[in-house]
Amino acid sequence: MTDSKYFTTTKKGEIFELKAELNSDKKEKKKEAVKKVIASMTVGKDVSALFPDVVNCMQTDNLELKKLVYLYLMNYAKSQPDMAIMAVNTFVKDCEDPNPLIRALAVRTMGCIRVDKITEYLCEPLRKCLKDEDPYVRKTAAVCVAKLHDINAQLVEDQGFLDTLKDLISDSNPMVVANAVAALSEIAESHPSSNLLDLNPQSINKLLTALNECTEWGQIFILDCLANYTPKDDREAQSICERVTPRLSHANSAVVLSAVKVLMKFMEMLSKDLDYYGTLLKKLAPPLVTLLSAEPELQYVALRNINLIVQKRPEILKHEMKVFFVKYNDPIYVKLEKLDIMIRLASQANIAQVLAELKEYATEVDVDFVRKAVRAIGRCAIKVEQSAERCVSTLLDLIQTKVNYVVQEAIVVIKDIFRKYPNKYESVIATLCENLDSLDEPEARAAMIWIVGEYAERIDNADELLESFLEGFHDESTQVQLQLLTAIVKLFLKKPTETQELVQQVLSLATQDSDNPDLRDRGYIYWRLLSTDPVAAKEVVLAEKPLISEETDLIEPTLLDELICYIGTLASVYHKPPSAFVEGGRGVVHKSLPPRTASSESTESPETAPAGAPPGEQPDVIPAQGDLLGDLLNLDLGPPVSGPPLATSSVQMGAVDLLGGGLDSLMGDEPEGIGGTNFVAPPAVAVAANLGAPIGSGLSDLFDLTSGVGTLSGSYVAPKAVWLPAMKAKGLEISGTFTRQVGSISMDLQLTNKALQVMTDFAIQFNRNSFGLAPAAPLQVHAPLSPNQTVEISLPLNTVGSVMKMEPLNNLQVAVKNNIDVFYFSTLYPLHILFVEDGKMDRQMFLATWKDIPNENETQFQIRDCPLNAEAVSSKLQSSNIFTIAKRNVEGQDMLYQSLKLTNGIWVLAELRIQPGNPNFTLSLKCRAPEVSQHVYQAYETILKN
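In this text, all values refer to a predicted model and were calculated from it rather than measured experimentally.

## Some details on the overall build of the protein
If you tally the helices and strands in the protein, you get 38 helices and 13 strands. Looking at the protein as a whole, 51% of its 946 residues are labelled buried. As displayed, the protein has an accessible area near 42,500 Å², and 51% of this comes from carbon and sulfur atoms.

Structure below.
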């Protein structure tokens, strides 16, 4: 008879009958009844009315029955908390049962009953089980602590369970160690500031010993914990690597990837000259190759991780090119990923092999795959110079196939090859021009137009070709329209006499008939340039172009270092840091690779943290788009909030007509055009003449408006940090910092265009924030930002914007718009930019206020490792508007009494105790809004230590 009988019933008073059976004297009947109750519960019937009767069945020695009752209890304890208390006595009794399985079962169930009322009764039994003589009970109890911490963190800390957990790391049983590590890691994740896993060489040694003997999931917990440890020197790093290496041959792929993560992280500390470094590189390749013989889903995860590893250390897999060759039965997602890695590994040694393979792929039937293969051939040409010729001839062969999508992709990549190797392969242009009619995709059309405009002097009928595109100008995509406008202006500058009409036609189409602001702006700029200074126009439009870089799609180095620390997790599959996709209250800790030791060369990877930022507090927090979209999308990116006038800089900004020739030339006073003919000016257009640029030489300044203004000495300025990586913003990278100079706050930004297209129309908007920070002027990027160009801008801020309390208090959410999209990021501003210049309180007032603020508002902090004396401390803080009101010497200690005032009028009073010769200070802060104290303390730390 199967268990299905428990799920069928025809009787009416079902609950009543079950009640009678549960109270039966016969054990078998009781067990059958409980099974029926569980069956009803499983299909969704409400059997909570039987709670007291089921709980009575707990008093049994039968393990099966006990398990069933515990299952019922877990399900209904939340809805019947008062009833659940009845079960507490049985738990306490079961935790002292002679059978370890029953003891463990009781502890496991206790952890799953998420009822606040009961938790305190469970502390005693849990404490006994944590010290139980049976390892099975101890390992179950360790996990129970993590569950209990999730329900009531304070209780767990007060009862000292965390210390017991730490002791379990030294347990003799490896599974207990693994579970203790797992529980502590789980707790530490939800409380990033608590230093729970205080790892030191001794505890690391214990973990490594347990590593060899515990189950595969235990090994993963231990390896992940090891990955968070930073060895003190390269010798310790090497010794850990030696003991972790055997895990690479494990059958479970998760264990392998966790081991790879630990090794990749610690290799950072090893010198490349060591023999061991070479051995380790050789050992890392085979396990990664083995992962590629698993099923496709696992292969994909492995390939995404390998993609990161190859970007960080291509030498690991440089001899393994063949395993990344595509198999005919690979799913498309595996094929595309393999292609990507093939290009990353392409080098002079293997390029012939790679090209033969890619040419083969380009004749496949899968369209997406073929496109990617053709792109890959172009990327190989750009990456390995010696192969460029062979790549170009391969691409020409593919163009001869006349397969539409192959031809279009080939033209797009040949454009890039021309950019990389100018004046080398232009002989193929004739072949490209033959395929003009078959191009129907915007990217291919734009590429072809670029080629015609760039090499107009070599193409006899260039004007006819471009004219053919002009016929359907308004039906083209923006990308094609912009490219066509530029190409015709280039053609005009090269052959002015023949193309007079053509250029007038395109300029009027772009300016008068178009409603696209990017196109109109570019049209007007060209119109003004051509009508006022043809020589300058030539310099601007036909300027030397920078060569394109080898790899445009490499992950930004600091992000790559962070992702290496997340190998084997979702972050390594998405290629995004956890903060970009993990929502909820859990603190996401930013990880970075350990710094290279003195013995190894530091050219390998850039510094991971800005010098001034305390560890773990880097302001490059980029929240998931969802966090901000709701708030920021309904913000109008219009003019910023006007505020009090800002202190003007030392350079008087003149109102200059940058485009030369005054506005009248645009409004209808036609100057002599090129080649003796007159330009017809467009109808009156409002062009902002006063761009507030420094007085300069007219046009030559047009594309370089970035002259910075000299800063005056003032409060401490942190080094610029990357706030928005290029990967997140379609090629726009934003770095920045905040400054306060003579009463004005500004956000100093550095915008870098890492994309292949020009960026224009910048605007910026802040979300509501704790102190009402808002831009005091528009974001002035006066010139289009060309690819690979960087511009520095100082954006004045005021504090009269909308106020909303943020978490953390100094979080600032920002939206930046350009012609490509709107991008969101958030950053943490240092509170000291809000300390105002009139923050010095009168002595009497200070005393009265200190007494007036209740004692519970006082918080104490320790400032460690600050070897300054009282005088130096006082002057350093004064430069950031923290004023010393009085200084006393009490029993050999210097006491500084200080005050500061925030922009919103909140006063903060401080007492700083300095013991001469002791680098650790005690800071006491009193404030009517105690939530700012933590941030004021961080400001003290930052100012004093930099």
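## Observations regarding the sheet that holds strand S3 (residues 744–753)
On the basis of which strands lie adjacent, the open sheet formed by 5 strands has the order S1-S2-S3-S6-S5 and antiparallel pairing. Two strands in the sheet have a free side with no partner beyond their single neighbour: strand S1 (721–724) and strand S5 (774–775). Bridge count between strand S2 (residues 732–741) and S3: 10 bridges; the pairing is antiparallel. Directly across from Ser735, in S3, lies its bridge partner Gln750.

## As for the packing of aromatic side chains
Each aromatic ring pair is described using two quantities: the centre-to-centre distance and the angle formed by the ring planes. Under the criterion given, the structure shown has 11 aromatic pairs. Both rings, one in Phe861 and one in Tyr937, keep their centres 4.5 Å apart while their planes meet at 5 degrees; by these two values the pair is stacked. Of this pair, Phe861 sits in strand S9 (residues 858–863) while Tyr937 sits in helix H38 (residues 933–944), and the two are 76 residues apart along the sequence. Take Phe861: its relative accessible area is 13%, and that puts it in the buried class. Through successive ring pairs, a cluster of aromatic residues spans Trp723, Phe738, Phe825 and Tyr829. A cation over a ring is seen here: Lys335 above Phe369, with NZ or CZ 5.1 Å from the ring centre.

## Some remarks on the confidence of the model for the protein
Scored by pLDDT, the protein has a mean of 80; 85% of the residues are at 70 or more. Contacts from residues 598–713, a stretch scored under 50 in pLDDT, to residues over four places away or in other chains number 211 contacts.

## Overview of helix H18 (residues 275–291)
Inspection of H18 places Tyr276, Tyr277, Leu280, Leu281, Leu284, Ala285, Pro287, Leu288 and Leu291 among the buried residues, and these make up the whole buried set. Of the surrounding elements, those touching the buried residues of H18 are helix H16 (234–244), helix H17 (253–267) and helix H19 (296–312).

## Points about the environment of Thr431
On the secondary structure map, Thr431 appears in helix H25 (residues 429–434). The buried category is assigned to Thr431, whose relative accessible area is 18%. As for Thr431 and Leu396, which are separated by 35 residues in sequence, their C-alpha atoms are 7.9 Å apart. Every residue in contact with Thr431, bar those within four places of it in the chain, is listed here: Leu396 and Gln400.

## Structural notes on the pairing of strand S4 (residues 763–766)
For a regular strand, the rule is simple: side chains alternate between the two faces of the sheet. Here S4 shows two buried faces, one formed by Ala763 and Gln765 and the other by Ile764 and Phe766. Inspection of the sheet shows S4 paired to strand S7 (residues 811–817) by 4 bridges, in the antiparallel sense. When the sheet's bridge partners are listed, Gln765 is paired in S7 with Ala815.

## Quick look at the packing of helix H10 (residues 135–151) against helix H13 (residues 174–190)
Across the interface, H10 lies against H13 with an axial gap of 8 Å and an inter-helix angle of 0 degrees. As summarised for this structure, H10 and H13 are arranged roughly parallel, according to the angle between their axes. Contacts between H10 and H13 involve Pro135, Arg138, Lys139, Ala142, Val143, Val145, Ala146 and His149 from the former and Met175, Val176, Asn179, Ala180, Ala183, Glu186 and Ile187 from the latter. Tallied by class, residues from the contact of H10 with H13 come to 10 nonpolar, 2 polar and 3 charged.

## Some remarks on the pattern of salt bridges
Inspection of every chain in the model, using the stated rule, returns 36 salt bridges. The closest approach of N and O atoms between Asp561 and Lys312, which form a salt bridge, is 2.8 Å. Linking Asp561 in helix H32 (residues 557–564) with Lys312 in helix H19, this pair joins segments that are 249 residues apart in sequence. By relative accessible area, Asp561 is classed as buried at 2%. Asp838 is paired through a salt bridge with Lys901; the nearest N and O atoms lie 3.5 Å apart. In this pair, Asp838 sits in the loop between strand S8 (822–828) and helix H36 (843–852) while Lys901 sits in strand S11 (residues 893–901), placing the two residues 63 residues apart along the sequence. When its relative accessible area of 48% is taken as the criterion, Asp838 is described as partly exposed.

## Considerations on the nonpolar core
Residues Tyr72, Leu126, Val244 and Phe418 are the most contacted members of the largest nonpolar core, which totals 214 residues. Both domains that furnish three or more residues to this core are identified here as domain 1 (346–438) and domain 2 (441–543). In contact with Val244, not counting residues within four places along its chain, are Leu208, Leu211, Leu223, Leu226, Ala259, Val262 and Leu263. Among the nonpolar cores identified, the runner-up in size contains 62 residues, and Phe766, Ile793, Leu900 and Leu912 belong to it.

## Some words on the packing of helix H2 (residues 27–42) against helix H4 (residues 63–76)
Here H2 crosses H4 at 35 degrees, and the two axes come no closer than 10 Å. Judged by the sense of rotation from one axis to the other, the crossing of H2 with H4 is left-handed. Contact residues: Lys31, Val34, Lys35, Val37, Ile38 and Met41 in H2; Glu64, Leu65, Leu68, Val69, Leu71, Tyr72, Asn75 and Tyr76 in H4. Among the residues making up the contact of H2 with H4, the classes are represented as 10 nonpolar, 1 polar and 3 charged.

## Describing the sheet that holds S11
By way of backbone hydrogen bonds, the strands of a sheet pair with one another, either parallel or antiparallel. Overall, antiparallel pairing links the 5 strands, which are arranged S9-S13-S12-S11-S10 in an open sheet. Pairing within the sheet leaves two strands with one partner each, and these edge strands are S9 and strand S10 (883–890). Between one strand and the next, the sheet's axes are offset by a mean angle of 20 degrees, whatever the strand orientation. As paired elements, S11 and strand S12 (residues 907–914) share 8 bridges and run antiparallel to each other. The partner of Leu900 across the bridge, within S12, is Val908. The sheet contacts of H36 involve S9, S10, S11, S12 and strand S13 (921–927), and relative to S12 the element is tilted by about 95 degrees. Lying on the sheet, H38 is in contact with S9, S11, S12 and S13; it crosses S9 at an angle near 25 degrees.

Rules of the game
- Residues numbered from 1 in each chain as written.
- Predicted model: local features only at pLDDT ≥ 70, side-chain atom pairs only at ≥ 80, totals over all residues.
- Heavy atoms only, no water.
- Helix = DSSP H or I, 4+ residues; strand = E, 2+ residues; numbered from the N terminus.
- Buried < 20%, exposed > 50% of the residue type's maximum accessible area, 1.4 Å probe, protein only.
- Areas by Shrake-Rupley, 256 points an atom, 1.4 Å probe, with all protein chains shown as cover.
- Pairing = 2+ DSSP bridges.
- Phe/Tyr/Trp six-rings, centres within 6.5 Å; stacked < 30°, edge-to-face > 60°.
- Lys NZ or Arg CZ within 6 Å of the ring centre and 35° of its normal.
- pLDDT = per-residue confidence, 0-100.
- Contact = heavy atoms within 4.5 Å.
- Axes fitted to C-alpha atoms, helices over the stretch in contact; angles between N-to-C directions.
- Parallel < 35°, antiparallel > 145°, perpendicular 65-115°, else oblique.
- Nonpolar A, V, L, I, M, F, W, Y, C, P; charged D, E, K, R; others polar.
- Salt bridge = Lys/Arg side-chain N within 4 Å of Asp/Glu carboxyl O.
- Core = buried A, V, L, I, M, F, W, Y, C linked by side-chain atoms within 4.5 Å.
- Domains from an automatic or database assignment.
- Left-handed = near helix turned anticlockwise from the far one by under 90°.

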